[in-house]
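Descriptive analysis of the structure
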Amino acid sequence: METWVGQYFQHFRTSRGIGVRQAGRGLSSASVSRFERGLADISVNAAAQLMFNIGMDAYDITDAMRRHQRTFPSILNDFVLPRFKLQVQRLNR
């Protein structure tokens, strides 16, 4: 993934006062830290777990997609958009 994606996750996490350990539940805290610093990549499943752990939802990630359209990782886009549509459907019920 692009380096800014990890930085976005880190900013999101720290702005909510969530530590790396808490964010890394079910993952390796070291992997989360390396991802956020742009030193390593994580899988889509790990990204999903990280999103859950830090309370990031589809609205948050679509904001990042909108701001970084050209460099947003398409694999994450493919993962997020169907879930976003599902969230919208649930809200409209």
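Residues numbered from 1 in each chain as written. Predicted model: local features only at pLDDT ≥ 70, side-chain atom pairs only at ≥ 80, totals over all residues. Heavy atoms only, no water.

**So, the overall build of the chain**
Heads up, the rule is: Runs of E in the DSSP output that reach at least two residues are strands. Runs of H or I that reach at least four are helices, and both are numbered from the N terminus. Under the scheme applied here, a residue whose accessible area is under 20% of the maximum for its type counts as buried, over 50% as exposed, and between as partly exposed, the area being computed with a 1.4 Å probe on protein chains only. Should any heavy atoms of two residues lie within 4.5 Å, those residues are considered in contact. Calculation of accessible area relied on Shrake-Rupley with a 1.4 Å probe; when residues are assessed, cover is drawn exclusively from the protein chains displayed.
Assigned secondary structure in the chain consists of 6 helices and 0 strands. Along the chain, helices (α) and strands (β) appear in the sequence α-α-α-α-α-α when read from the amino end. Within the chain, the proportion of its 93 residues that are buried is 34%. Counting contacts in the chain only where the partners sit at least 6 residues apart, residues at least 24 apart contribute 66% of the total. Working note: accessible area of the chain is about 5700 Å², and carbon and sulfur atoms make up 49% of it.

**Quick notes on the pattern of salt bridges**
Where we set the bar: Any Lys or Arg side-chain nitrogen found within 4 Å of a carboxyl oxygen on Asp or Glu counts as a salt bridge.
In this structure the tally under the stated criterion is 1 salt bridge. For the salt bridge of arginine 13 with glutamate 36, the shortest nitrogen-to-oxygen distance reads 2.8 Å. Residue arginine 13 is found in helix 1 (residues 3-15), and its partner glutamate 36 is found in helix 3 (residues 29-36); the two are separated by 23 residues along the sequence. In terms of burial, arginine 13 and glutamate 36 fall into one category: buried.

**Considerations on the side chain of glutamate 36**
Using a relative accessible area of 2% as the deciding quantity, one classes glutamate 36 as buried. Those residues in contact with glutamate 36 that lie beyond four places of it in its chain are Gly6, Gln7, Phe9, Gln10, Arg13 and Val20.

From the geometry alone we can't say anything about function, so treat these as descriptive.
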